[in-house]
Amino acid sequence: MLKRLLFPLLTLATIAHAQSNYGGREATAAWRAGAAARIEQLRKGDFMLRVVDAAGALIVGATVSVTQTRHAFPFGSALQMARIVQDTSDNRIYRQKTTALFNAACTENDLKWQPWIGEWGAGFARTQTLAGLRWLADRGYELRGHNFVWPSWTAPTNNLPNAISSLRGTARQSEVPQLVLDHIAEQAGATRDLINEWDVQNEPYDNHDLMDLFGPSIQVDWFKAARAALPTAALYLNDYNTENQTRNTAHVQVFENTVRYLQQNGAPLTGLGIQSHIGGTTFAAITDYLATLDRYATFGLKLRITEFDVSTADETLQADYTRDFLTATFSHPSVVGIQLWGFWETAHWIPRAALYRADWSEKPNGAAYRDLIFNQWWTRATGATDAQGAFRGRGFYGDYTATITVAGQRIEKTFSLRTGATAPTISITAQPPRLANLAVRASAGGAAGTLFIGLTISGTEPKLMLIRGLGPALASFGLAGALARPTLTVFQGAQSIATNTGWSTAANAADLRAAAARAGTFALAENSADSALLLRLAPGGYTASVDAPAGTSGIALVEAYEVEADASRLINLSTRAFVGTGASVVIPGLVVTGPTARTFLIRGVGPGLADFGVGALLARPSLVLMRDATPVAANERWETAADSAVLAAAAQQTGAFALKAGNADSALLATLEPGAYTVIISGVNDTTGNCLVEIYEVR
């Protein structure tokens, strides 16, 4: 059943022999320079990133880092769908290696006719095959189908199902051609949304029973049936021993004769699959292999290496030939993809040909593969924008992430380079300065009561916000007396819209974890009693509260993070909290991002709350603005500030209520460069009481 039963002569030769060298192995071989030049020309393209500010002005000197994230060229492997679908420790590693090493794949055996219809037993099932293909398709893999027709029913390589071979020599033998066409239509229909390329006909050199019985034109019918079912898919003829025109003269000739026949008789053939199982007593010289590709290129079809592996006991030779074969292949203008026939010893038809041993240790050929695909043929570039606000580069075709840093603001932009596309110019707009994070640390529970914060979102679109109520997490920062079990609730007006206690119990715990990473904040411990909510909030005002279980109290931290730097913005934070002494002072925090500074009005209101019926007021709030451990500004009585008139005007502009003359409320106006800041609100002479802390963005 497995492929090792299909090529007995090749396999025996592969196992029995190895060689010490091959033509073109030397580091100074002449073919290398030509291959490098072709790769530079064929597989790479130019790009330009242009960085501007919100007003469209060019930004000079912005730091730029460009990193490739995926190849456009398909580097793939044959895969076993049971290992993709079934969950074991080895299969988890198998899937991890699959995603790390490849962007393309095909099934090793699952789509062959017999296992597809259940003739190979419980290890194969149509539902399992489709589930595995869906897993790969969901992750963006380019998928090949292998194969529609393997036209042999003669032992030992019976590659047709019993339902077909049982008709041989019977009165129903004439039904076979139509049954094959029906199979193509059925399998193509079942996989149409998953697979974009098929080996329509497999190995005509050894497998030709149906052509012998029904005539060579039956091959044309297969391709036409595949095209009728799959109007846009690439359709391939696939065979082994076709990569070496010197060693495999007969195979190459039959392959070419079949191609000519198909083309001359109207078969919609679009590509040639060159299997390339390397082994035996001689390896093709690299120049001979390139000449063989040139020979096939005259047909005007796509060429793909479909089943590459190298079998030899000499692991250094194996690694060198892997490196040179892949390099020559990647350099050829007609080649559109490279596919290995497995990569792990335990799941490989010739175990010693794998890239990884059974214990998942990497072999030299695996290291050679990774070095080419993810080092030599992988683009990373850094620099700064020039006088035109531009960063220019050249990279391998594929997908990229550009990270641009402007005055402390970090911007990420994805873009793609593709063969034949115009060199892209990507314009990146540095966002205006903004509040990316607001937070308050204060007492909750007991005499302090519920801790409330208010926040305001401006704009026209809903904004994704991560809001957290932390207690246990504060202990890891050396803070004693943290609230043991905070309950976080978010209100819009008087209406509760979401609540949480114990963030990892939430149904969207994975999303909460990912949002924290995107926002750049620390991760919460699994199963901790810290609380968190991920909400998409429409523009407007909201309140978040942190409650303590009855009879408990402690220090809590309430945080609000913007997860996406979109058009809507955080513009205001306010909290009414009890200001104690020592660790129980109130500490708001804010993070400013953007290319330029932004001005904020920051207030600590104690006496001014009397007009709102609040009791137990903090008589003399002290306000200190800190950046790291350095005081930036301070105030204890707003009227003593040199810019008290400007403070009053800023309050009117932002919609804050006016502070009364003679009151000991504190306020300051600060223009802040991008960065993180904290505000310490305490009572003069260690006094305590209720205080309203406000942070407003001044436009």
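Computed from a predicted structure; not experimentally measured.

Caption draft 1: Fine view of the overall build of the protein. When you go through the protein residue by residue, the secondary structure sums to 16 helices and 32 strands. Here the protein has a C-alpha radius of gyration of 34 Å; the compact-globule value for 699 residues is 27 Å, and the former is much larger. For the protein, the C-alpha atoms occupy an extent of roughly 105 × 55 × 45 Å along the three principal directions. By residue count, 54% of the 699 residues in the protein fall in the buried class.

Caption draft 2: Molecular detail of the pattern of salt bridges. As enumerated under the stated definition, the model contains 29 salt bridges in all. A salt bridge links Arg323 to Asp320; the shortest N-O distance between them is 3.4 Å. Of this pair, Arg323 and Asp320 both sit in helix α13 (residues 315-330), three residues apart, which is roughly one turn of that helix. One salt-bridge network, held together by shared partners, links Arg25, Arg32, Asp320, Arg323 and Asp324.

Caption draft 3: Here's a closer look at the packing of helix α12 (residues 286-297) against α13. Here α12 crosses α13 at 30°, and the two axes come no closer than 10 Å. Considered as vectors, α12 and α13 are oriented roughly parallel to each other. You can see that α12 and α13 cross each other, and the crossing is right-handed. Of the residues in α13, those touching α12 at Ile286, Tyr289 and Leu290 are Tyr321, Asp324, Phe325, Ala328 and Thr329. In terms of residue class, the contact of α12 with α13 is built from six nonpolar, one polar and one charged.

Caption draft 4: Quick look at the pairing of strand β25 (residues 569-579). β25 sits mainly inside the fold: eight of its 11 residues count as buried. With seven bridges joining them, strand β18 (residues 451-458) and β25 adopt antiparallel strand pairing. Across the sheet, Ser458 pairs through a bridge with Arg569, a residue of β25. One ladder, built from eight bridges, connects β25 with strand β32 (residues 689-698); its direction is antiparallel. Directly across from Ser574, in β32, lies its bridge partner Glu694.

Caption draft 5: Region of interest: the sheet that holds strand β13 (residues 390-396). Strand order across the open sheet formed by three strands is β13-β1-β16, with mixed pairing between neighbours. In the strand order of this sheet, the two ends are held by β13 and β16 (425-429), each with one partner. The average angle at which neighbouring strand axes cross in this sheet is 25°, direction not considered. With seven bridges joining them, strand β1 (residues 44-52) and β13 adopt antiparallel strand pairing. Its bridge partner being in β13, Lys44 is matched across the sheet by Phe396. In this fold helix α2 (residues 31-42) packs onto β1 and β13, with an angle of close to 45° to the strand it touches most, β1.

Caption draft 6: Region of interest: the pairing of strand β21 (residues 495-500). Taken together, the five bridges between strand β20 (residues 487-492) and β21 define a ladder with antiparallel strand orientation. If you follow Thr489 over to β21, its bridge partner there is Thr499. The antiparallel pairing of β20 with β21 creates a hairpin that spans two residues between the two strands, and Gly493 there sits at a positive phi of about 65°.

Caption draft 7: Structural detail: the nonpolar core. If you look at the biggest cluster of nonpolar residues, it comprises 109 residues, and the most contacted ones within it are Leu49, Leu272 and Phe343. For this core, the element with the most residues is helix α10 (residues 217-229), which contributes seven residues. Those residues in contact with Leu49 that lie beyond four places of it in its chain are Val64, Val66, Gly389, Ala390, Phe391, Ala402, Phe415, Ile426 and Ile428. Core analysis: the next-biggest nonpolar cluster, separate from the first, contains 45 residues, Val440, Ile467, Leu488 and Cys691 among them.

Caption draft 8: Spotlight on the packing of aromatic side chains. Per the stated rule, a full pass over the model turns up 27 aromatic pairs. Between Tyr289 and Phe325 the ring centres are 4.2 Å apart and the planes differ by 25°, which places this aromatic pair in the stacked class. Pair noted here: Tyr289 is in helix α12 and Phe325 is in helix α13, with a separation of 36 residues, a long-range link. Each member of the pair Tyr289 and Phe325 is classed as buried. Taking 5.2 Å as the distance between ring centres and 10° as the angle between the ring planes, the aromatic pair formed by Tyr400 and Phe415 counts as stacked. Taken together, the residues Tyr400 in strand β14 (residues 398-406) and Phe415 in strand β15 (residues 409-417) connect sequence positions 15 residues apart. Side by side, Tyr400 and Phe415 carry an identical accessibility label, which is buried. Through a chain of ring-to-ring contacts, the aromatic side chains of Tyr94, Phe102, Phe343, Trp344, Tyr356, Trp360 and Tyr369 assemble into a single cluster. For Lys44, the ring lying beneath its charged end belongs to Phe396, and the centroid distance is 5.0 Å. The positively charged end of Arg144 is found above the aromatic ring belonging to Tyr236, 5.0 Å away from the centroid.

Caption draft 9: Layout of unusual backbone geometry. Residue His146 is joined to Asn147 through a cis peptide bond whose omega torsion reads -5°. Its location among the elements puts Asn147 in strand β5 (residues 142-149). Non-glycine residue Asn241 carries a positive phi angle of around 55°. Tracing the backbone shows Asn241 in the loop between β7 (234-239) and α11 (249-264). For Asn241, a relative accessible area of 11% puts it in the buried group. Here the phi dihedral of Asp686 falls at roughly 60°; this positive angle occurs in a residue that is not glycine. Assignment of secondary structure puts Asp686 in the loop between β31 (675-683) and β32.

Caption draft 10: Up close: the sheet that holds strand β12 (residues 380-384). Taken in spatial order, the four strands line up as β12-β2-β14-β15 in an open sheet, and their pairing is antiparallel. Sheet topology places β12 and β15 at the edges, where each strand pairs with a single neighbour. In this sheet, neighbouring strand axes are inclined to one another by 20° on average, regardless of whether the strands run parallel or antiparallel. The pairing of strand β2 (residues 63-71) with β14 spans eight bridges and is antiparallel. The residue bridging Ser65 from the neighbouring strand is Thr403, located in β14.

Caption draft 11: Summary view of helix α16 (residues 644-654). All buried positions along α16 are accounted for by Leu647, Ala650 and Ala651. All buried residues of α16 project into a common sector of 100° when viewed along the axis, lining one side. Residues of α16 that are exposed and angled more than 90 degrees away from the buried face: Ala645 and Gln652. The inward-facing, buried residues of α16 contact β27 (598-605), β30 (666-672) and β32. Following α16 by one or two positions, Gly655 has its phi on the positive side, about 90°.

Caption draft 12: Structural context of the packing of helix α8 (residues 176-191) against α10. Interhelical geometry of α8 versus α10 gives an angle of 25° and a closest axis separation of 9 Å. Viewed along their axes, α8 and α10 adopt a mutual orientation that is roughly parallel. As for the relative orientation of α8 and α10, their crossing is right-handed in sense. Counted together, Pro177, Val180, Leu181, Ile184, Ala185 and Ala188 of α8 and Ile218, Asp221, Trp222, Ala225, Ala226 and Ala229 of α10 form the full contact between these two elements. A per-class count over the contact of α8 with α10 returns 11 nonpolar, no polar and one charged.

Parameters at a glance
- Residues numbered from 1 in each chain as written.
- Predicted model: local features only at pLDDT ≥ 70, side-chain atom pairs only at ≥ 80, totals over all residues.
- Heavy atoms only, no water.
- Helix = DSSP H or I, 4+ residues; strand = E, 2+ residues; numbered from the N terminus.
- Rg over C-alpha atoms; globule rule 2.2 N^0.38 Å.
- Buried < 20%, exposed > 50% of the residue type's maximum accessible area, 1.4 Å probe, protein only.
- Salt bridge = Lys/Arg side-chain N within 4 Å of Asp/Glu carboxyl O.
- Axes fitted to C-alpha atoms, helices over the stretch in contact; angles between N-to-C directions.
- Parallel < 35°, antiparallel > 145°, perpendicular 65-115°, else oblique.
- Left-handed = near helix turned anticlockwise from the far one by under 90°.
- Contact = heavy atoms within 4.5 Å.
- Nonpolar A, V, L, I, M, F, W, Y, C, P; charged D, E, K, R; others polar.
- Pairing = 2+ DSSP bridges.
- Core = buried A, V, L, I, M, F, W, Y, C linked by side-chain atoms within 4.5 Å.
- Phe/Tyr/Trp six-rings, centres within 6.5 Å; stacked < 30°, edge-to-face > 60°.
- Lys NZ or Arg CZ within 6 Å of the ring centre and 35° of its normal.
- Arc of directions from axis to C-beta.

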